[in-house]
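Architecture at a glance
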Amino acid sequence: MTSLRFLVAESETPEARAARRASVGRSSGETYLGILRALSPGAALDLIRPAEEGAAVPDRAGLEGYDAVFLTGSPLHVYEDTPEVRRQLDFMRAVFASGTPAFGSCAGLQVATAAAGGTVRANRRGCEAGFARRITRTAAGQGHPLLAGRPEAYDAPAVHSDEVEQLPEGAVALAGNRVTAVQAAEIRSGRGVFWGVQYHPELPLSEIAAALRRQSAALMEAGLARDEGEVEAYAARVDALHRDPRRRDAAWQLGLDAQVADPAQRSIELRNFVEHLVGPTRGQRGRE
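Residues numbered from 1 in each chain as written. Predicted model: local features only at pLDDT ≥ 70, side-chain atom pairs only at ≥ 80, totals over all residues. Heavy atoms only, no water.

Overview of the overall build of the protein
- A tally of regular secondary structure across the protein gives 12 helices and 11 strands.
- A compact globule built from 288 residues should have a C-alpha radius of gyration of about 19 Å, and the protein, at 18 Å, falls within 12% of that.
- Out of the 288 residues belonging to the protein, those deemed buried represent 52%.
- Surface accessibility of the protein: about 12,300 Å² in total, with carbon and sulfur atoms responsible for 49%.
- Across the protein, the 34 positively charged side chains and the 37 negatively charged ones have centroids separated by 4 Å. (Helix = DSSP H or I, 4+ residues; strand = E, 2+ residues; numbered from the N terminus. Rg over C-alpha atoms; globule rule 2.2 N^0.38 Å. Buried < 20%, exposed > 50% of the residue type's maximum accessible area, 1.4 Å probe, protein only. Areas by Shrake-Rupley, 256 points an atom, 1.4 Å probe, with all protein chains shown as cover. Lys, Arg positive; Asp, Glu negative; His and termini not counted. Charge placed at Lys NZ, Arg CZ, Asp CG, Glu CD.)

Following this line, the structure appears as structure tokens:
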């Protein structure tokens, strides 16, 4: 059997990438590389930045050589008509055309939605910061393999202020909650299939804590904290749970269970994608 080939598409701006590296030591794409190495030891991994001008990006034929494409989160707003957003959407359309399975979290879901003809908007109910609560499956999500192993209602790491407004024709919403109607979806366009979530199964809790600290001003403006001390106290509890997922006191104070505290359960969508979509597609392509 040939080794798996994965392509990670990072769409952070250089400024956002620098800020993220300053707080957690790696970019969003590098975080993805880390978890994919753990999930699929021996896989060949490449990282590209398709939103950046002049970036080396595979064409359709090059994309066909990969077994999966992963789209990271991003500070870009898909509904803004900027060169960076246009380049990102063009890339996703090429991924769909190639027939290579794709997975995306947070902005990755939004990019796939817009590239296939759906719409994205600023979330009218405000941001989800830290964790998305009580995500529940839709009827279509009940038996969908992306959510295999998830209970009927669960929490997940989340940091976002935009949301899918309208999925493209033929797409299926798999889960949602009271803040964001589309928390998980399957999107088909051309030859391609995309599975995505609005939350972050790829992130360790330490990176959620760091994101809260980086966005403390926005959290206070949104009324989620009264001062930086409250943000720090919350982030410190998240850090404590990262260091020791068995800390019942930290989990209780945050209102979380093993769906978030246990790294294996937290990243289940990524494993399901590789097992239930990437694997069968490899077989259809004659790569096993």
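From this point, things continue past the structure.
Let's talk about the packing of aromatic side chains
- Applying the stated criterion across every chain, the model contains 7 aromatic pairs.
- Measuring from centroid to centroid gives 6.2 Å for Trp 195 and Phe 273, while their planes differ by 65°, and the two rings are edge-to-face. Here Trp 195 is found in strand β11 (residues 192-197), whereas its partner Phe 273 is found in helix α12 (residues 268-284), with 78 residues between them in sequence.
- Between Arg 5 and the ring centre of Tyr 66, over which it is positioned, the NZ or CZ distance is 4.1 Å. (Phe/Tyr/Trp six-rings, centres within 6.5 Å; stacked < 30°, edge-to-face > 60°. Lys NZ or Arg CZ within 6 Å of the ring centre and 35° of its normal.)

A few points about the side chain of Arg 17
- Here Arg 17 shows up in helix α1 (residues 14-24).
- With relative accessibility at 8%, the residue Arg 17 sits in the buried group.
- What Arg 17 contacts, discounting residues up to four positions off in sequence, is Glu 10, Glu 12, Ser 27, Arg 49 and Glu 52. (Contact = heavy atoms within 4.5 Å.)

A word on the sheet that holds strand β6 (residues 128-137)
- Spatially, the 9 strands line up as an open sheet ordered β2-β1-β3-β4-β11-β10-β9-β6-β7, and their pairing is mixed. The sheet is open, and its two borders are formed by β2 (44-48) and β7 (153-160), each paired with just one other strand. On average, each strand axis in the sheet is tilted by 25° relative to the strand beside it, whichever way the strands run.
- Pairing of β6 with β7, which is carried by 7 bridges, proceeds in the antiparallel orientation. Within the sheet, the bridge partner assigned to Ala 132 lies in β7 and is Ala 156. (Pairing = 2+ DSSP bridges. Axes fitted to C-alpha atoms, helices over the stretch in contact; angles between N-to-C directions.)

Points about helix α4 (residues 83-98)
- Compared with an ideal rise of 1.5 Å per residue, which puts 16 residues at 22 Å, α4 spans 23 Å between its outermost C-alpha atoms and is within 8% of the ideal.
- Just past α4, the residue Gly 99 takes up positive phi, approximately 80°. (Expected span 1.5 Å × (residues − 1).)

So, the pairing of β11
- The element β11 is largely enclosed, with a buried count of 6 among its 6 residues.
- Burial of the side chains of β11 extends over both faces: Gly 192, Phe 194 and Gly 196 are buried on one face and Val 193, Trp 195 and Val 197 on the other.
- Where strand β4 (residues 102-105) lies against β11, 4 bridges are found, and the strand directions are parallel. Following the sheet pairing, Phe 103 is matched in β11 by Trp 195.
- For strand β10 (residues 184-189) and β11, the ladder comprises 6 bridges, and the chain directions are antiparallel. Following the sheet pairing, Arg 188 is matched in β11 by Val 193.
- Counted along the chain from β10 to the antiparallel partner β11, the turn is 2 residues long, and its residue Gly 190 has a positive phi close to 60°.

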